[in-house]
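Listed here are the chains, written in short residue letters.
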Amino acid sequence: MNRRVLCLLLAVIMLLSFAACGASKPADTGSSSNSASAAQSEETKSAVNDNEAQSAKFTLWHSYVGSDQRTEFMKEIMTQFRAKYTNYEIDEQQIPRDQYQTKLKTQAAAGQLPDAFVIWPNAMTIEFSKAGLLADINDLLSRETEWKDKFIGRALEEFTVDGKTYSAGLGVSVTSIVFYNKALFEKYNLTYPANYAELKKAITTFKENKVIPIAHGNKAKWPAQSSIISCLANRYTGSEWLDNVLAKNGAKFTDPEFVAALTTFKEITDMGAFNKDFSSIDNVQARDYFYRGDAAMMIEGSWAVPDLIEKLTPEMKPNIELGILPAFEGGKGDANVMSGVSATGIAINAKASPEQKAAVENLIMFTTNSDAQKLYAKSNIPVSYKDVDIDSSTSDPIYTKLTRLISDHPLVTVYDSALNSEQADIVNNGLQAIMSNQKTPEQIAEQLQAAVK
């Protein structure tokens, strides 16, 4: 074989070698693709396994039932939550508000709380956390900073104890709104009262004309405290006074300004400000007097707004306005404030398993996220985010008035959110006793002070 032929053969062999290498590339690419597919399968498998690990069964107790403002919201949000989290099995128990706290505290004392449950901010949160009954959500807040940063301050602060946060408020509850029928005021040549003298004049005028001045139902005993005395007492004492009483920082429930607030409450009761059956009907039943036009005013919370919107006649609705309690002469408080608090929130049992805790954290986020806030507005619930786009053109006029009222009047402490269980029972029962002339303001003040330990 001559040299020229040998060189030619070598060239052909080299070309074939390169061709073989080139032909191997698709195989390599295919191998790489198979590896990626295998990796993706493992990732998918891992995700499935994670999802299975997150499957959870938990019990949820709440008081969003019947006439509660959040009943329809809760029905809709839980339907959505179950649809999204099909791997959760939820035993949901709905307990009327007037029975709920008693049942929850009984279960707490027995160490048999449900896995998740609605809790009140401030006092109840403090009591339960100090007893080691709650799991905090600090890790959730650290992970979900965008969600956390959207809340107004009180929505998280009022569920925070010693640096640990236990829930997030499902909206805001304003407790001392005065709903009034301006047509009745105009009929009797009255203006909405700006001070106590004008309030007494309105009460007297309505009584003389057989109109109930203020519709009130206190069968459950908390409405007089939550909707009236919380704001009325603040008018007399100012906001720091209650904190100082509870901290034993120089102020006492027996101080003249608090006794004056209780005395004023007794005075308007004795004048006949309320319907005669106030102690035997609840606040929901009392609204009927207002709806029929038999009462000129009612002092209620924002929780009453959905019921008003549903039950007021088209003829009456334009006549309904929302106001605040008037100023009281000599009072040390700001006459521009209302009483209010973060709404209740969902808490986690300290005994919950990691899977249950993760599931309930998802529920807490789901019931308070941006979509939930819009559903609050749709359900006529005051929102707990700083900025929510509420279309006033589609909102009910009464809800629009409510949002304006909240923006114009700062909120101060509601008594039963600050007092412990014993103190709250004393003031609730005590106000009923004052209204029934069974005890004096001074006696109730002394009882309350004795419970400050």
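Draft legend 1. Broad picture of unusual backbone geometry. Unlike most non-glycine residues, Asp-162 shows phi in positive territory, near 50°. Note on placement: Asp-162 falls in the loop between strand E5 (160-161) and strand E6 (164-165). Looking at Asp-162, the relative accessible area reads 67%, which means it is exposed. You will see that Asn-380, though not glycine, has its phi angle at about 65°, which is positive. Checked against the element boundaries, Asn-380 lands in the loop between helix H16 (370-378) and helix H17 (397-408). Overall, Asn-380 belongs to the buried group, its relative accessible area being 13%.

Draft legend 2. Structural context of the nonpolar core. Judged by nonpolar contacts, the single largest core of 87 residues is most densely connected at Phe-58, Phe-117 and Phe-128. The element contributing the most residues to this core is helix H15 (residues 354-366), with six residues. Setting aside residues no more than four positions away along its own chain, Phe-128 makes contact with Leu-104, Lys-105, Ala-108, Leu-113, Phe-117, Ile-119, Leu-133 and Leu-134. Core analysis: the second largest hydrophobic core is formed by 52 residues, Tyr-180, Leu-184, Cys-231 and Ile-444 among them.

Draft legend 3. Quick look at the environment of Glu-72. Following the sequence through the fold, Glu-72 ends up in helix H2 (residues 71-84). Counting along the chain gives 304 residues from Glu-72 to Tyr-376, while the straight-line C-alpha distance between them is 9.9 Å.

Draft legend 4. View of helix H10 (residues 222-237). Remark: the principal bend of H10, roughly 45°, maps to Ile-229. With 16 of 16 residues buried, H10 is to be regarded as a mostly interior element. Of the residues one or two after H10, Gly-238 is the one with positive phi, at around 85°.

Draft legend 5. Just the sheet that holds strand E14 (residues 411-412), in detail. With mixed pairing, three strands are arranged side by side in an open sheet as E7-E12-E14. Every other strand in the sheet has two partners, leaving strand E7 (172-174) and E14 as the edge strands with one partner each. With two bridges connecting them, strand E12 (residues 338-342) and E14 associate as parallel partners. Among the inter-strand pairings, Ser-339 is bridged to a residue of E14, identified as Val-412.

Draft legend 6. A look at H17. Between its first and last C-alpha, H17 extends 17 Å over twelve residues, near the 16 Å set by a 1.5 Å rise per residue. For H17, the full list of buried residues reads Ile-398, Tyr-399, Thr-400, Leu-402 and Leu-405. The opening residue of H17, the one whose side-chain oxygen lies 2.9 Å from the backbone nitrogen of Ile-398, is Asp-396.

Draft legend 7. Representation of the pairing of strand E2 (residues 88-94) within the structure. Bridge count for strand E1 (residues 56-62) against E2 is seven bridges, and the pairing is parallel. From the neighbouring strand, Thr-59 faces E2, where its bridge partner is Asp-91. Tracing the backbone out of E1, into H2 and back to the parallel element E2 gives a crossover that is right-handed.

Draft legend 8. How the structure looks around the packing of aromatic side chains. Scanning the model with the defined rule gives 24 aromatic pairs in all. Centroid distance Trp-147 to Phe-151: 5.3 Å. Interplanar angle 80°. Geometry classified as edge-to-face. Residue classification places Phe-151 among the buried positions, given a relative accessible area of 3%. Ring centres of Phe-265 and Phe-274 lie 6.3 Å apart, and the angle between their planes is 50°; this geometry places the pair in the tilted category. The same class applies to Phe-265 as to Phe-274, namely buried. Positioned over the ring face of Trp-222 is Arg-97, at 4.4 Å from the centre of the ring. Note that Lys-200 overlies the ring of Tyr-196, its terminal NZ or CZ placed 4.5 Å from the centroid.

Conventions used here
Residues numbered from 1 in each chain as written. Predicted model: local features only at pLDDT ≥ 70, side-chain atom pairs only at ≥ 80, totals over all residues. Heavy atoms only, no water. Helix = DSSP H or I, 4+ residues; strand = E, 2+ residues; numbered from the N terminus. Buried < 20%, exposed > 50% of the residue type's maximum accessible area, 1.4 Å probe, protein only. Core = buried A, V, L, I, M, F, W, Y, C linked by side-chain atoms within 4.5 Å. Contact = heavy atoms within 4.5 Å. Bend = angle between axes of the 7 residues up to and from the residue. Pairing = 2+ DSSP bridges. Expected span 1.5 Å × (residues − 1). Polar contact = N/O pair within 3.5 Å; in protein donor to acceptor, adjacent residues only side chain to side chain. Right-handed = clockwise from strand over helix to strand, strands pointing away. Phe/Tyr/Trp six-rings, centres within 6.5 Å; stacked < 30°, edge-to-face > 60°. Lys NZ or Arg CZ within 6 Å of the ring centre and 35° of its normal.

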